[in-house]
Amino acid sequence: MKTKKNKLTVRNLKLWYGESEALHGIDLDIVSGKVTSLIGPSGCGKSTFLRCFNRMNDRIPNCRVEGEVLLEGHDIYAPDVDVVQLRSHVGMVFQKPNPFPKSIYENIAYAPRIHGMVDDGDDMDELVETALKRASIWDEVKDKLQQPGTALSGGQQQRLCIARTIAVQPDVILMDEPCSALDPIATAKIEELMDELKEDYTIVIVTHNMQQAARASDYTAYFYLGDLIEYGETQKVFTTPRDQRTEDYITGRFG
Amino acid sequence: MNQHTFKRFEDELNLLKSKTVSMGGLVEKAVRRSMKALMNYDQKRATKVIERDRAINALEVEIDEMTRSLLALRQPAASDLRLVIATIKIVTDLERCGDLAEGIAEYALKVHEHPHAHMDSLEVLSDRVLQQVKSALDAFTYDDVNAALQTIENDKRINKQYKAIERENLTYMLEDPRYISSGMMVAAISKNLERIGDHAVNISEMVIYKVKGHDVRHVDHATAERLVSGELDAE
Ligand SMILES: Nc1ncnc2c1ncn2[C@@H]1O[C@H](COP(=O)(O)OP(=O)(O)OP(=O)(O)O)[C@@H](O)[C@H]1O
Ligand SMILES: [Mg+2]
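Basis of the calculations
Along each chain, residues carry numbers from 1 onward, in the same order as the chain's sequence is written. Each chain is given a letter, starting from A, and each ligand a number, starting from 1, according to the order in which they appear as written. A pLDDT threshold of at least 70 governs which residues receive local features in this predicted model, and a stricter bar of 80 or more applies before side-chain atom pairs are shown or counted, although totals over entire chains, interfaces and linings include all residues. Note that water and hydrogens are dropped before the side-chain values are worked out from all heavy atoms of the structure. Here, the term nonpolar core denotes a set of buried Ala, Val, Leu, Ile, Met, Phe, Trp, Tyr and Cys residues that are joined through side-chain atoms within 4.5 Å. Whether a residue is buried, partly exposed or exposed follows from its accessible area with a 1.4 Å probe, protein chains only, as a fraction of its type maximum: under 20%, in between, or over 50%, in that order. The way it works is that DSSP assigns letters per residue, a run of H or I at least four long becomes a helix, a run of E at least two long becomes a strand, and they are numbered from the N terminus. When checking whether two residues touch, look at their non-hydrogen atoms; a contact exists if any pair is within 4.5 Å. Should DSSP find at least two bridges between two strands, the strands are taken to pair. We call Phe, Tyr and Trp rings a pair once their centres come within 6.5 Å, taking the six-membered ring for Trp, and we label the pair stacked below 30 degrees between planes, edge-to-face above 60, and tilted otherwise. Take the number of residues in a helix, subtract one, and multiply by 1.5 Å to get its expected span. Throughout, near means a residue has at least one heavy atom within 4 Å of the molecule or strand. The definition of a polar contact used here is a pair of N or O atoms within 3.5 Å, where within protein one atom must be able to donate a hydrogen and the other to accept one, and adjacent residues in sequence count solely through side-chain atom pairs. For this classification, the nonpolar set comprises Ala, Val, Leu, Ile, Met, Phe, Trp, Tyr, Cys and Pro, the charged set comprises Asp, Glu, Lys and Arg, and every other residue, Gly included, is treated as polar. Note on method: axes are straight lines fitted to C-alpha atoms, helices fitted across the in-contact stretch only, with angles between N-to-C directions ranging 0 to 180 degrees. Oblique is the label for any angle not covered by the other classes, which are roughly parallel (under 35 degrees), roughly antiparallel (over 145) and roughly perpendicular (65 to 115). Handedness of a crossing follows from how the near helix is turned relative to the far one, being left-handed for an anticlockwise turn of less than a right angle and right-handed for a clockwise one.

A.B. asks: Can you walk me through the nonpolar core in this structure?
C.D. replies: In a soluble, globular protein the nonpolar side chains are often hidden away together inside. By size, the foremost hydrophobic cluster in this structure holds 62 residues, and its most contacted members are Met 35, Leu 38, Met 119, Leu 122, Ile 189, Leu 193 and Ile 196 of chain B. Where this core is concerned, the elements lending two or more residues are helix H1 (7–39), helix H2 (43–74), helix H3 (78–110), helix H4 (120–142), helix H5 (145–175), helix H6 (180–212) and helix H7 (221–229) of chain B. Considering every element that reaches this core, the biggest residue donor is H3 of chain B, with 12 residues. Once residues within four sequence positions are removed from consideration, Leu 38 of chain B is found in contact with Ile 104, Tyr 107, Ala 108, Val 111, Met 119, Leu 122 and Ile 189 of chain B. Grouped together as the second largest cluster of nonpolar side chains are 35 residues, Val 128, Ile 162, Ala 163 and Ile 166 of chain A included.

A.B. asks: Got a minute to help me understand the sheet that holds strand S2 (residues 20–31) of chain A in this structure?
C.D. replies: Sheets are built from strands that pair by backbone hydrogen bonding, the pairs being arranged parallel or antiparallel. Residue and element names in this part refer to chain A. Taken together, 4 strands build an open sheet; the order of strands is S2-S1-S4-S5 and the sheet is antiparallel. The open sheet has two free edges, formed respectively by S2 and strand S5 (74–75), since each of these has just one partner strand. Bridge count for strand S1 (residues 6–17) against strand S4 (residues 63–71) is 8 bridges, and the pairing is antiparallel. Within S4, the residue paired with Lys 14 across the bridge is Glu 66.

A.B. asks: Mind showing me how you'd approach the packing of aromatic side chains here?
C.D. replies: Any two aromatic rings considered together are summarised by their centre-to-centre distance and by the angle between their planes. Residue and element names in this part refer to chain A. Tallying each qualifying case throughout the model produces 7 aromatic pairs over all chains. Considering the side-chain rings of Tyr 219 and Tyr 231, the 5.9 Å spacing of their centres and the 20 degrees angle between planes classify their relative orientation as stacked. With a gap of 12 residues between them, Tyr 219 in strand S9 (residues 219–224) and Tyr 231 in strand S10 (residues 227–233) connect regions that are remote in the sequence. Of the residues examined, Tyr 231 reaches a relative accessible area of 22% and is grouped as partly exposed. Ring geometry for Tyr 222 versus Tyr 224: centroids 6.4 Å apart, planes at 15 degrees, classification stacked.

A.B. asks: Would you explain H1 of chain B in this entry?
C.D. replies: Three or four residues apart is the spacing at which side chains of an α-helix point the same way, because the helix has 3.6 residues per turn. Compared with an ideal rise of 1.5 Å per residue, which puts 33 residues at 48 Å, H1 of chain B spans 48 Å between its outermost C-alpha atoms and is within 8% of the ideal. A positive phi of about 50 degrees marks Tyr 41 of chain B, the residue just after H1 of chain B.

A.B. asks: Hey, could you run me through the site of ligand 1 in this one?
C.D. replies: All names here are of chain A. Neighbouring ligand 1 are 13 residues; Ser 42, Lys 46, Ser 47, Thr 48 and His 208 lie closest to it. The separation between a nitrogen atom of ligand 1 and a polar side-chain atom of Tyr 17 is 3.4 Å. Taking Thr 48, its side chain carries an N or O atom lying 2.4 Å from an oxygen atom of ligand 1. Here the element with the most residues in the shell around ligand 1 is helix H1 (residues 46–52); it accounts for 4 residues. Residue composition of the shell around ligand 1, grouped by class: 4 nonpolar, 6 polar and 3 charged.

A.B. asks: In this structure, what is going on with the side chain of Gln 132 of chain B? I would like to understand it.
C.D. replies: Tracing the backbone shows Gln 132 of chain B in helix H4. The contact partners of Gln 132 of chain B, leaving out residues within four places of it in the chain, are Thr 151, Asn 154, Asp 155, Ile 158 and Ala 200 of chain B.

A.B. asks: Please explain the packing of helix H3 (residues 104–114) of chain A against helix H6 (residues 154–167) of chain A as it appears in this structure.
C.D. replies: When two helices pack together, their arrangement is given by the angle between the helix axes and by the axis-to-axis distance. Residue and element names in this part refer to chain A. Packing of H3 against H6 brings their axes to within 8 Å, and their N-to-C directions diverge by 25 degrees. Relative to H6, the element H3 lies roughly parallel. The element H3 and its partner H6 pack so that their crossing is right-handed. Every residue of H6 that contacts H3 at Ile 104, Asn 107, Ile 108 and Pro 112 is listed here: Leu 160, Ala 163, Arg 164 and Ala 167.

A.B. asks: Looking at this model, I keep getting lost on the sheet that holds S9 of chain A. Mind explaining?
C.D. replies: Residue and element names in this part refer to chain A. The sheet built from 6 strands is open, its strands ordered S6-S7-S8-S3-S9-S10 with mixed pairing. If you trace the sheet from one side to the other, it starts and ends with strand S6 (90–93) and S10, each paired once. Averaged over all pairs of adjacent strands, the angle between strand axes in this sheet comes to 20 degrees, irrespective of strand direction. Both S6 and strand S7 (residues 172–176) contribute to a ladder of 4 bridges, which runs parallel. Among the inter-strand pairings, Val 93 is bridged to a residue of S7, identified as Met 175. Lying on the sheet, H6 is in contact with S6 and S7; it crosses S6 at an angle near 170 degrees. With respect to the sheet, helix H7 (residues 184–197) is in contact with strand S3 (35–39), S7 and strand S8 (202–206), its orientation differing from that of S8 by roughly 150 degrees.

Written out as structure tokens, the structure is:
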């Protein structure tokens with residue numbers, strides 16, 4: 001058996017929005033270089049959980065986190081952690097494509113410039129090209145890099161956002177329902193892209209599309225009412241789930 | 001288990017299972033009646049068995065069509081998926097059993113040409129094989145993994161008995177050349193029965209897959225039992 005390396009380790013993670021506990025003590029390892037999907041009914045805490053990986057919840061008033069989230073062994077909630085730095089390691093792609101109201105080129109160049117990764121000029125040109133190529137959108141935009149990113153189609157915008165995310169060379173890419181606004185062809189392109197990207201990145205995706213979880217992920221975690229009910233290889237979870245609640249959910253028996 | 005949120009999907013799965021069960025019923029009947037026709041030199045009954053095989057074949061086609069559309073339109077998962085997969089395989093086994101019964105019925109049409117055939121041991125074998133078919137189908141109907149495991153284990157006895165018949169048959173043929181043609185017939189029929197028994201084993205294995213998700217086709221009985229009890233993790 002191949003040895004699995006864990007990119008992220010979650011231990012007894014609890015999260016409160018004010019008085020209400022939204023995550024009830026989650027233990028989960030996210031395997032390095034794989035796609036992990038988080039599934040479960042609406043309101044079960046998938047997005048909440050996903051946002052814990054890059055401390056996106058910090059922005060929410062009254063939100064409190066307990067427990068541990070380790071990125072390669074380092075506690076990301078430790079007091080000395082620079083959250084901006086953390087988010088360059090753990091990037092995020094959202095449900096609705098949200099390009100900056102700037103040119104396609106600037107969408108990619110913006111963050112690397114801020115992080116001081118490369119200077120403008122040939123190096124930046126190269127970085128932009130590489131990121132767009134990695135996100136399989138280069139051929140479609142190479143002749144219009146100065147046009148606004150918002151002028152692209154939804155599926156192209158989403159790939160642009162993925163390019164923007166990988167431009168800062170993160171370790172982990174978080175995606176919250178990245179395809180819910182896309183047609184099947186654009187969706188297939190994103191799934192194909194995830195498959196290619198996982199060679200270099202660890203991907204965690206929230207999806208409501210069970211077939212997408214089945215097709216595109218290596219591991220699946222099923223959440224229900226703030227608890228992690230089942231976690232395992234996607235192939236196992238979709239053919240022989242261990243827990244009746246998982247079984248009911250993925251076979252479409254919503255009680 | 002909860003009901004499907006999509007009622008029609010639930011109905012389709014239930015229909016798939018009940019069709020398969022009724023196909024099993026037809027096959028069981030075909031085996032029983034072909035043997036009865038043989039033992040009673042009853043050509044009329046034999047002809048009926050042969051005619052009714054068409055109904056079995058038609059059910060096979062119908063069930064296959066149902067599984068195809070379920071896969072394409074419903075994308076079943078977990079136990080639903082395993083039911084569909086198991087059904088695809090079980091239906092093939094049942095169809096083969098139907099053909100084998102038909103083969104026995106064909107011999108029943110000609111059995112009067114062999115008035116001195118030694119067929120007593122065939123009757124004993126066919127009782128056992130029928131019991132196997134019945135318990136495999138019951139296991140499928142009631143998701144009974146223990147019955148399925150028992151059926152798989154019982155097949156050893158059938159194989160033993162089949163071998164015994166082969167030896168006995170051979171002695172008859174060696175002793176008296178007049179028994180050669182009837183001996184060939186007995187050999188062929190016992191072979192058919194033994195193969196029906198094998199199909200009952202295949203069906204039982206699919207029942208275990210359907211209920212537990214374990215593939216026990218190529219493991220020994222002890223391992224299969226441990227897998228089914230959850231003592232052993234499949235890996
Ligand atoms: N900013 C917030 N303030 C207060 N409660 C929140 C906040 N965000 C989420 N919640 C609550 O936390 C729980 C989990 O919500 P979350 O958005 O993580 O669910 P989800 O699984 O992503 O659902 P969906 O599939 O609908 O996106 C819900 O009960 C929700 O109402
Ligand atoms: Mg959400």
